[in-house]
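# Coordinate inspection notes
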Amino acid sequence: MSWVIVTGANGGIGAATVHELIKNNYSVYAADLADKPHESFAAYGDAIFRYRSVNVSDEESVRALARAAAEVDEPIQGAVLAAGIVHSKPLLDTSFEDWKRLHAVNADGVFLCLREFARVMIEQMQTSPENTRSLVTVASNAARVPRAEFGAYGASKASAVRVSSSFGLQLARHGIRVNTVCPGTTRTPMVTDAWNGEDLSALPVRLERRRPQRPTRGGQPRDFPPGNSARAHRRPRRYCGGECLPHQRCLTAYHHAKYCCRWRRNLLADPKGVISEQ
């Protein structure tokens with residue numbers, strides 16, 4: 001059984017990813033800030049599911065997670081970094097403390113997880129000629145397109161995208177691929193909490209771009225887990241690395257058609273091997 005680490009496992013996209021991976025015959029080492037796993041994981045036994053509380057912005061906490069994951073019965077074949085926090089406020093009104101908190105989780109956390117998980121994977125296997133091992137960062141379309149109220153958040157996610165692509169270049173020689181998924185607005189607890197009790201999913205979304213946008217619904221967590229709906233590049237599987245894969249079907253009909261044509265294969269779809277479709 002192939003083991004995959006999932007951080008932010010109790011969140012919307014993280015939880016959907018855990019369920020999708022187990023459904024496709026992976027075992028999951030889940031991690032989140034909470035002391036206990038999400039109640040929806042209760043049916044999973046130790047043979048396919050483990051959980052550990054972790055603070056991704058703390059170096060020793062991430063290192064302890066990596067060491068614990070290294071002790072499972074099979075080598076770690078991949079990880080999905082879905083831990084993150086959001087902040088919606090104009091930059092002029094953003095405090096330095098808020099800025100540092102966002103970057104500590106969304107950027108520093110990605111760096112620490114990629115570094116520590118990659119170290120474990122290299123220690124377990126110096127190289128994989130078939131490129132079967134993979135690390136996936138869940139970022140945001142705010143990293144690619146400026147959003148007026150999400151300047152600090154977008155900056156932290158852009159940092160996550162860049163550090164992920166840099167790791168992709170450095171880890172390629174070890175047969176470890178590193179790619180990033182950039183979903184648009186998704187109806188997760190993190191997002192709906194920011195709506196202050198209102199349902200804003202149907203409001204038109206206008207981005208600061210020249211191309212006219214045609215808004216549709218907000219996405220659901222099940223739409224975007226890297227194990228299912230996020231599409232990978234059409235290049236031959238196992239040879240896609242250092243990519244930022246936009247998945248904005250939740251924003252516009254235009255992007256839905258465009259990207260569903262562009263990204264063909266699933267990121268984590270091969271039950272035999274490991275995150276081999278990225």
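Residues numbered from 1 in each chain as written. Predicted model: local features only at pLDDT ≥ 70, side-chain atom pairs only at ≥ 80, totals over all residues. Heavy atoms only, no water.

### Observations concerning the overall build of the chain
Helix and strand counts for the chain stand at 6 helices and 9 strands. In the chain, which comprises 278 residues, the share counted as buried stands at 52%. Contacts in the chain between residues far apart in sequence, at least 24 positions, make up 70% of those at least 6 positions apart. Surface exposure of the chain reaches about 12,900 Å², of which carbon and sulfur atoms provide 50%. (Helix = DSSP H or I, 4+ residues; strand = E, 2+ residues; numbered from the N terminus. Buried < 20%, exposed > 50% of the residue type's maximum accessible area, 1.4 Å probe, protein only. Contact = heavy atoms within 4.5 Å. Areas by Shrake-Rupley, 256 points an atom, 1.4 Å probe, with all protein chains shown as cover.)

### Structural notes on helix H3 (residues 96–124)
Taking 1.5 Å per residue, 29 residues should reach 42 Å; H3 reaches 40 Å between its end C-alpha atoms and fits that length. At Ala-104, H3 shows its largest kink, close to 40°. (Expected span 1.5 Å × (residues − 1). Bend = angle between axes of the 7 residues up to and from the residue.)

### With respect to the packing of H3 against helix H4 (residues 151–171)
At a minimum axis distance of 8 Å, the contact between H3 and H4 shows a crossing angle of 15°. By the angle between their directions, the pair H3 and H4 is classed as roughly parallel. Pair H3 / H4 crosses with right-handed handedness. Residue-level inspection shows Trp-99, Leu-102, His-103, Asn-106, Ala-107, Val-110, Phe-111, Leu-114, Arg-115, Ala-118 and Ile-122 of H3 in contact with H4, the latter providing Ala-152, Tyr-153, Ala-155, Ser-156, Lys-157, Ser-159, Ala-160, Val-163, Ser-164, Phe-167 and Leu-171. (Axes fitted to C-alpha atoms, helices over the stretch in contact; angles between N-to-C directions. Parallel < 35°, antiparallel > 145°, perpendicular 65-115°, else oblique. Left-handed = near helix turned anticlockwise from the far one by under 90°.)

### Things to note about the packing of aromatic side chains
One pair of aromatic rings is described through two measures. These are the centre distance and the angle between the planes. If you walk through the whole model with that rule in mind, you get 6 aromatic pairs. Measuring from ring centre to ring centre gives 6.5 Å for Trp-3 and Tyr-29, while their planes differ by 55°; the resulting arrangement is tilted. Here the residue Trp-3 occupies a position in strand S1 (residues 2–7), and Tyr-29 occupies one in strand S2 (residues 26–32), the gap between them amounting to 26 residues. Since its relative accessible area comes to 8%, Tyr-29 is described here as buried. (Phe/Tyr/Trp six-rings, centres within 6.5 Å; stacked < 30°, edge-to-face > 60°.)

### Comments concerning the packing of helix H2 (residues 59–70) against H3
As a packed pair, H2 and H3 sit with axes 9 Å apart at the nearest point and diverge in direction by 30°. On the basis of the axis angle, H2 is roughly parallel to H3. Handedness of the crossing formed by H2 with H3: right-handed. Of H3, the residues touching H2 (which contributes Glu-59, Val-62, Arg-63, Leu-65, Ala-66 and Ala-70) are Leu-112, Cys-113, Arg-115, Glu-116, Phe-117, Arg-119, Val-120 and Gln-124. Grouping the amino acids of the contact of H2 with H3 by side-chain chemistry returns 8 nonpolar, 1 polar and 5 charged. (Nonpolar A, V, L, I, M, F, W, Y, C, P; charged D, E, K, R; others polar.)

### With respect to unusual backbone geometry
If you check the backbone angles, Asn-25 has positive phi at about 70° while not being a glycine. Position of Asn-25 among the secondary structure elements: in the loop between helix H1 (12–23) and S2.

### Some points on the environment of Phe-117
In this fold, Phe-117 is placed in helix H3. For Phe-117, a relative accessible area of 2% corresponds to the buried category. Taking C-alpha positions, Phe-117 is 9.8 Å from Gln-77, a pair spaced 40 residues apart along the chain. Residues contacting Phe-117, with those up to four places away along its chain left out, are Ile-5, Thr-7, Leu-65, Ala-66, Ala-79, Leu-81 and Leu-135.

### Regarding empty space enclosed by the protein
Counted under the stated rule, the structure contains 2 cavities of 30 Å³ or more. Here the largest cavity is characterised by a volume of approximately 40 Å³. What lines the largest cavity is simply Thr-7, Val-56, Leu-81, Ala-83, Val-105, Gly-109, Val-110 and Cys-113. If one sorts the elements of the lining of the largest cavity by residue count, H3 sits on top with 4 residues. Taken together, the residues that form the lining of the largest cavity break down as 6 nonpolar, 2 polar and no charged. (1 Å grid on protein atoms, 1.4 Å probe; cavity = no way out; pocket = protein on both sides within 12 Å on 5 of 7 lines; lining within 4 Å. Points joined across faces, edges and corners; volume = space filled by probe spheres on them.)

### Side note on the confidence of the model for the chain
Low pLDDT marks stretches whose predicted atomic positions should not be read closely. Summary statistics for the chain give a mean pLDDT of 76 and a share of 66% for residues scoring 70 or more. The model gives residues 204–218 a pLDDT under 50, and that stretch makes 36 contacts with residues more than four places away or in other chains. In the model, residues 247–278 has pLDDT below 50 throughout and makes 126 contacts with residues more than four positions away in sequence or in other chains. (pLDDT = per-residue confidence, 0-100.)

### What to know about the pairing of S1
Most of S1 sits out of view: 6 of its 6 residues are buried. Side chains of S1 alternate between two faces, with Ser-2, Val-4 and Val-6 and Trp-3, Ile-5 and Thr-7 buried alike. As paired strands, S1 and S2 are joined by 6 bridges and run parallel to one another. Paired with Val-6 across the strands is Ala-30, a residue of S2. (Pairing = 2+ DSSP bridges.)

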